[in-house]
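Structural overview for review
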Amino acid sequence: MDSRVSELFGGCCRPAGGGAGAALRGRGGAAPGGGGSSKTKKKNGRSRGGKANNPPYLPPEAEDGNIEYKLKLVNPSQYRFEHLVTQMKWRLQEGRGEAVYQIGVEDNGLLVGLSEEEMRASLKTLRRMAEKVGADITVLREREVDYDSDVPRKITEVLVRKVPDNQQFLDLRVAVLGNVDSGKSTLLGVLTQGELDNGRGRARLNLFRHLHEIQSGRTSSISFEILGFNSKGEVVNYSDSRTAEEICESSSKMITFIDLAGHHKYLKTTIFGLTSYCPDFAMLVVSANTGIAGTTREHLGLAMALKVPFFIVISKVDLCSKATVERTVKQLERILKQPGCNKLPLLVNSDDDAVTAAQQFAQSPNITPIFTLSSVSGENLDLLKVFLNILPPLTNSKEQEELMQQLTEFQVDEIYTVPEVGTVVGGTLSSGICREGENLVVGPTDDGKFLRLKVCSIQRNRSACRVLRAGQAATLALGPFDRSLLRKGMVMVSPEMNPTICSVFEAEIVLLFHATTFRKGFQVTVHVGNVRQTAIVEKIHGKDKLRTGEKAVVCFRFIKHPEYLKIGAKLLFREGVTKGIGHVTDLQAITTKENSLEESLGPGQLSF
């Protein structure tokens, strides 16, 4: 896929035939993972998926994951009930606090359905199970199955979500991309503040961080906004004059939106937000009246290059005719289906579509949901909320546990000075666990050293937190530590890690676009995680030069100071219109005494 992403940066649109609907359907007309209606449908005079010779199916139940099939749960014995509760705990653990139960479905995926009375008894048992494990249940949807029976039979899809304890809510990060003036900040303002926009940008004012942003109406920096969902699936935001701390306390699931800049001159800030903050998903906002314009195609290419799953929101539908909105949708579908993307667009028009889209989106990297909404009239805004509420995490509990067992590593993305608190750093914990009072080392400095420091306090989503776990973003207070010794791109690690740093490294790259030829001596800005620095091309292995679309192993050298890198890390580089992606394959580690912790302690005030 990497070699074809270049078509998004410099290629033309090539329409591709065929829609997503047929590809999304499983046998007998049921979408895999619970999508679509399994009710008998007629098409061109023929029945589809409703009779005994062609029963509707879901994919067979997986042992791992957070989806559980149950044919019925009517009056279980005490022993059976305890077994079911243990099973629910496992599914909740797999989904990091969330599970989806399909009632009326056999383990092999056959959609049998239950009568009204059996379904009522099964839901009652499921509610008892949820209470036992400290969770709530929400019915997502009911579907009729007309299979080998004259009596109406139903399948019910239920979301089970654990009530949070000790601030361990499920946190998903969503990067917001799109061209300037496409309505990104306004949409986030409407979602997080709970009030519709007035058509002149009132909803976005609370999101801006600088005066010039308010005056121009354009985002130039990275800001974070939170949207919560409680255990019953209800929206928790600032609408009831809640503080950020109250939203965190009331929420079982938190969506953290990373609002990025749309204007081309702030592209380096947008790339930094995508590479450094490790978003789980990306939301590409497209204005219905302008369509794919400006940086839209470039942002789409960046999301694909960094392998960030994305969905699309078409905003400002209140300003356009229905024909204009349809034209924009078709324009997007053409780009998504072209060889450079190879995606299956899924237009969301109902709650049922939103549930299907959320489940399909997490299971298949090729599905791309498309929403059409308005931040002024509120049209279809609820569909986006339903989608975000059900959207599952990409990592399961096992992967999370493995990360937590590694040594502590915290990426420094932001640096602040807070009155009466001292120096504060913001970023993401890549691995391990970080606690209040923990001693870490931070670096590398310009001369390749690591300095001791102490974590005085931790805040997550603007509320106090004692323990930070791998994958979570937070701000750490470092007390009187000298801010001038810190910079973006540093890491805070456990002293036992003995981190390796380098000034020279090799990467296998694909040159996405370059006007002429890419040669030795060319300077580019390299983005690797939270590292952003200018590097010079030292050598191209096996070639003298590179042209657009070609692959090679290239040796880079940072021109200013060494950095902490890992083999296998995703890399993105740019210089003007020149762009390329790849991954780090080799490091020329600095092993001199300058990289030793003992040499880095310096004056006594640095050792806390």
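Source: prediction; values computed, not measured. (Residues numbered from 1 in each chain as written. Predicted model: local features only at pLDDT ≥ 70, side-chain atom pairs only at ≥ 80, totals over all residues. Heavy atoms only, no water.)

Brief notes about the packing of helix 11 (residues 351–363) against helix 12 (residues 381–390)
Relative to each other, helix 11 and helix 12 sit at 35 degrees, their axes nearing to 8 Å. Classified by chirality, the crossing of helix 12 by helix 11 is right-handed. Packed against helix 11, whose contacting residues are D351, A354, V355, A357, A358 and F361, the element helix 12 presents L383, V386, F387 and I390 at the interface. Its residues assigned to classes, the contact of helix 11 with helix 12 shows 9 nonpolar, no polar and 1 charged. (Axes fitted to C-alpha atoms, helices over the stretch in contact; angles between N-to-C directions. Helix = DSSP H or I, 4+ residues; strand = E, 2+ residues; numbered from the N terminus. Left-handed = near helix turned anticlockwise from the far one by under 90°. Contact = heavy atoms within 4.5 Å. Nonpolar A, V, L, I, M, F, W, Y, C, P; charged D, E, K, R; others polar.)

Describing the sheet that holds strand 9 (residues 235–236)
Spatial strand order, 9-8-10-7-11-12-14-13: 8 strands in an open sheet with mixed pairing. The outermost strands of the open sheet, each flanked by one partner alone, are strand 9 and strand 13 (344–347). In this structure, strand 13 lies alongside strand 14 (residues 367–372), joined through 4 bridges in parallel fashion. By the bridge assignment, L346 is partnered in strand 14 with P369. The strands that helix 9 (residues 296–305) touches are strand 7 (170–178), strand 11 (281–287) and strand 12 (310–315); relative to strand 11, the one it contacts most, it runs at about 165 degrees. (Pairing = 2+ DSSP bridges.)

Quick look at the environment of T517
You can see T517 is positioned in the loop between strand 25 (502–513) and strand 26 (518–519). With a relative accessible area of 14%, T517 lands in the buried category. Reaching out from T517, the side chain makes a polar contact with the side chain of R519 at a distance of 3.1 Å. (Buried < 20%, exposed > 50% of the residue type's maximum accessible area, 1.4 Å probe, protein only. Polar contact = N/O pair within 3.5 Å; in protein donor to acceptor, adjacent residues only side chain to side chain.)

A short note on helix 3 (residues 78–94)
Counted at 1.5 Å a residue, the expected span for helix 3 with its 17 residues is 24 Å, and the 25 Å between its end C-alpha atoms agrees. Just downstream of helix 3, R96 is the residue with a positive phi angle, here 55 degrees. (Expected span 1.5 Å × (residues − 1).)

A closer look at the pattern of salt bridges
Scanning the entire structure with this criterion turns up 20 salt bridges. D352 is the partner of R141 in a salt bridge, and the nearest nitrogen-oxygen pair spans 2.7 Å. Taken together, the residues span a long stretch of sequence, with R141 in strand 5 (residues 135–145) and D352 in helix 11 at a distance of 211 residues. With relative accessibility at 25%, the residue D352 sits in the partly exposed group. Across the salt bridge formed by R460 and D171, the nearest N and O atoms sit 3.7 Å from each other. Here D171 lies in strand 7 and R460 lies in strand 20 (residues 457–460), a separation of 289 residues in the sequence. The exposure class of R460 is buried, given its relative accessible area of 3%. The exposure class of D171 is buried, given its relative accessible area of 11%. Linked by salt bridges that have partners in common, E61, E68, K70 and R91 make up one network. (Salt bridge = Lys/Arg side-chain N within 4 Å of Asp/Glu carboxyl O.)

So, the pairing of strand 27 (residues 523–528)
Regular strands place their side chains on alternate faces of the sheet. A large share of strand 27 lies buried, amounting to 5 of its 6 residues. Note that strand 27 and strand 28 (residues 531–540) share 6 bridges and pair antiparallel. Looking across to strand 28, one finds that V528 is bridged to V531. Counting the residues between successive antiparallel strands, the hairpin from strand 27 to strand 28 contains 2 residues, one of them, G529, with a positive phi of roughly 60 degrees. In terms of strand pairing, strand 27 meets strand 31 (residues 570–575) through 3 bridges, oriented antiparallel. Looking across to strand 31, one finds that V526 is bridged to F573.

Considerations on the side chain of N230
Positionally, N230 belongs in the loop between strand 8 (223–229) and strand 9. Judged by its relative accessible area of 15%, N230 falls in the buried class. A distance of 3.0 Å separates a polar atom in the side chain of N230 from the backbone nitrogen of K232. The contacts of N230, once residues within four sequence positions are left out, are R161, V236, S250, S251 and S252.

Observations concerning the nonpolar core
Formed by 38 residues in total, the largest nonpolar core has its most connected members in L177, L260, L274, F310, I312 and I314. Elements represented by at least two residues in this core include exactly strand 7, helix 8 (267–276), strand 11, helix 9, strand 12, helix 10 (322–337) and strand 25. Those residues in contact with I314 that sit more than four places away from it in its chain are V286, A288, T328, V329, L332, I370, F371, T372 and L373. Ranked by size, the runner-up nonpolar core spans 36 residues in total, among them L140, V176, F229 and A358. (Core = buried A, V, L, I, M, F, W, Y, C linked by side-chain atoms within 4.5 Å.)

Overview of unusual backbone geometry
A cis amide bond, omega -5 degrees, links G443 with the succeeding residue P444. Examined against the element boundaries, P444 turns out to sit in the loop between strand 18 (439–443) and strand 19 (451–454). The backbone of D181 sits at a positive phi, close to 65 degrees, despite the residue not being glycine. Within the secondary structure, D181 is located in the loop between strand 7 and helix 5 (184–193). Phi at E420 takes a positive value of approximately 70 degrees, unusual for a residue other than glycine.

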